[in-house]
Amino acid sequence: MKILFFTGKGGVGKSTVAAASAWQISRRARVLIQSLDPAHNLGDIFGVSLGDRKRKISDTLTLQEVDLQKLARDYLERETRVLGETYRYLQVLNLDNYFSILKYSPGIEEYALLTSIERTINEETDFDYLVFDTPPTGLTLRFLALPSVTITWIDRLIAIREKILEKRYTIQKIRRPLKEGEVPREERLKYDPGDDAILQRLRVLKSNYDRLNGILRGEDCTVVLVFNPDMLSLRESQRLVEGLRELGLPLRLMVDNKVTGLNEEMAERVETVMKQTAPGIALERVPLSDGLYCGKETVLYRIMKDMGDRF
Amino acid sequence: MKLPVIPFIREILSRIHDTHRENAVALTKVEMEEMENIFALLVLGSFVGLPAPPTFLAVELLPFMERELKILGRRAEDAGDMLAEMCGTLGID
C-alpha cells in the first residue's frame, strides 16, 4: 500500500492537487483520499456532500473528510471513562465529572490527527493508495513530528520505570516472603514488568509509534509539497522542507501551483530557490487557466491535464 | 495465661530479623520513591511548569498513576525542609 501526504501553506491548492492526483491514480488502482484539514473542501471539489463517513464516487475512488474535533472528543471521552473507573470512589461525591476538563488539553488535536492516520493505515487495507490532504504547515509538521518526539519521551520513561521496578525487586528480595495469611505492615509493591500497568502501556505505545514511524519514513510513503509562485509561499515551503528533512520524512515531489502569464517570472525564481532548497526532488508546474474563470473547465480537469500521468 | 517461652523467643528473634531487613531496604526505598516522584514529575510536569511530554502521553498514563501522584504530593509537602529530610534518611542526628 502506497501512502501520499499533500502538504503546504494554507490556500495553495493542496486539496485540489491531492484530489486530482487521487482521481488520476484511481484509473489504475483503488484509492482512498482522506481530508484531514479542519477546513474541508474535498466534497466541494468533487461536487458531493460528505459527512464523516466514506463515500465511494467510482469503483476505485473513495472520499472521506475526517472530523478532527469528534476524534479528539471520542479519545478524551474514552480516557475520562478509564479515569472515572480508576477513581470510582469520586462518584460518591459526584466529583468524577470534573475529569471532563481534560478535553481542553493542548496537543490533543495533533494526537487525534495522528491516531486517525494510524487507524486508516491499519484498517483500510483494501486500498492500493491512501492519499491524505493535510492541514496547513504548522499543524502538519507538529503531527508528523509527534511519533519521533513521543518515542524519545517513551524511551526515557520506560528506562526510569524499569529502574523503579528493579528497586522494588531488590526491596522485596531483602524482605522475607509473607507467611500464609500474614498481613504486611507496608504495601508490597509489584515488581514484575508484566504486572506493571504503566510499563505495559508504555511498551504498547512504543511499539505502535515505532511501527508508524517506520511507515512514515518508509519507501511506500511520499510527501508532496504544494506551493504558489509568491514569496510567502516560498518561505513557508522552505521551512516545511527543512522540517521534513529533520524528521526524516520522504519529500518526493514539489508542485508549483497556480502559475499564470503574469506571475511566470516569479514562478521561475521561486522554483529555482526551491530546487536549491530541496536538491534532486522532482518539481511540476501547474498553470492557472483562464478557462476556470469562464466556467469552461473544472479545477480537477485542469490539474489532471497539466500534471499528465505523474502518479 | 502463660506464653510458651520458645515461640515467644522465636517471635522476638523474628521481629529483630525483620527490623534489620527493614533497615537494609530503607535507603533503597527512599531512592525508589524519589524515582517514582521524578517519574510523576516528568509525566505530569506541565502541572508545575516543567517541560512535559505530549499531553496525550500524560493522559494515557494518568489512570494508572495514583501511587506516583500521592508520592508527588508528599514530596511537595516535605520540600520545605529537604536538609532535615535527608539527614533523617541518612540517620544523621
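Each remark here, short or long, concerns the structure printed above.
Rules used throughout
Residues numbered from 1 in each chain as written. Chains lettered and ligands numbered in written order. Predicted model: local features only at pLDDT ≥ 70, side-chain atom pairs only at ≥ 80, totals over all residues. Helix = DSSP H or I, 4+ residues; strand = E, 2+ residues; numbered from the N terminus. Rg over C-alpha atoms; globule rule 2.2 N^0.38 Å. Buried ≥ 20, exposed ≤ 12 C-beta atoms within 10 Å, placed from the backbone. Contact = placed C-beta atoms within 7 Å. Axes fitted to C-alpha atoms, helices over the stretch in contact; angles between N-to-C directions. Parallel < 35°, antiparallel > 145°, perpendicular 65-115°, else oblique. Left-handed = near helix turned anticlockwise from the far one by under 90°. Nonpolar A, V, L, I, M, F, W, Y, C, P; charged D, E, K, R; others polar. Pairing = 2+ DSSP bridges. Right-handed = clockwise from strand over helix to strand, strands pointing away.

## Topic: the overall build of chain B
Helix and strand counts for chain B stand at four helices and zero strands. For chain B, the sequential pattern of α-helices and β-strands runs α-α-α-α. By the compact-globule yardstick of 12 Å for 93 residues, chain B is too spread out, its C-alpha radius of gyration being 20 Å. When the 93 residues of chain B are sorted by exposure, 22% land in the buried category.

## Observations concerning the overall build of chain A
Assigned secondary structure in chain A consists of 10 helices and eight strands. A total of 311 residues make up chain A; the buried ones form 36% of that total. Excluding contacts between residues fewer than 6 apart, the proportion of contacts in chain A whose partners are at least 24 apart in sequence is 74%.

## Re the packing of helix H7 (residues 231-247) of chain A against helix H8 (residues 264-277) of chain A
Residue and element names in this part refer to chain A. The N-to-C vectors of H7 and H8 enclose an angle of 10°; their axes lie 10 Å apart at closest approach. With respect to H8, the axis of H7 lies roughly parallel. By crossing handedness, the relation of H7 to H8 is classed as right-handed. Residues Leu234, Ser237, Gln238 and Val241 of H7 form the contact with H8, whose own contacting residues are Val270, Val273, Met274 and Thr277. Within the contact of H7 with H8, the residues separate by chemical class into five nonpolar, three polar and no charged.

## Some words on the pairing of strand S6 (residues 221-227) of chain A
All names here are of chain A. Along S6, five of the seven residues are buried, which leaves the element largely enclosed by surrounding structure. Sheet topology note: the strand S1 (residues 2-8)/S6 ladder contains six bridges and is parallel. By the bridge assignment, Gly8 is partnered in S6 with Val226. One ladder, built from five bridges, connects S6 with strand S7 (residues 251-259); its direction is parallel. Paired with Val223 across the two strands is Leu251, which belongs to S7. Of the crossover connections in this fold, the one passing from S6 over H7 to the parallel S7 is right-handed.

## Focus on the pairing of strand S4 (residues 61-65) of chain A
Residue and element names in this part refer to chain A. In terms of residue burial, S4 counts as a mostly covered element, since five of its five residues are buried. Neither face of S4 is exposed, since Leu61, Leu63 and Glu65 on one face and Thr62 and Gln64 on the opposite face are all buried. Two elements, strand S2 (residues 31-35) and S4, share five bridges in a ladder whose sense is parallel. By the bridge assignment, Leu32 is partnered in S4 with Thr62. With two bridges connecting them, strand S3 (residues 55-56) and S4 associate as antiparallel partners. Within the sheet, the bridge partner assigned to Lys56 lies in S4 and is Thr62. The antiparallel hairpin formed by S3 and S4 contains four residues in its connecting segment.

## Here's the deal with the environment of Asn257 of chain A
In this structure, Asn257 of chain A sits in strand S7. Excluding residues within four positions of it along the chain, Asn257 of chain A makes contact with Val12, Gly13, Val17, Val226, Phe227, Asn228 and Val286 of chain A.

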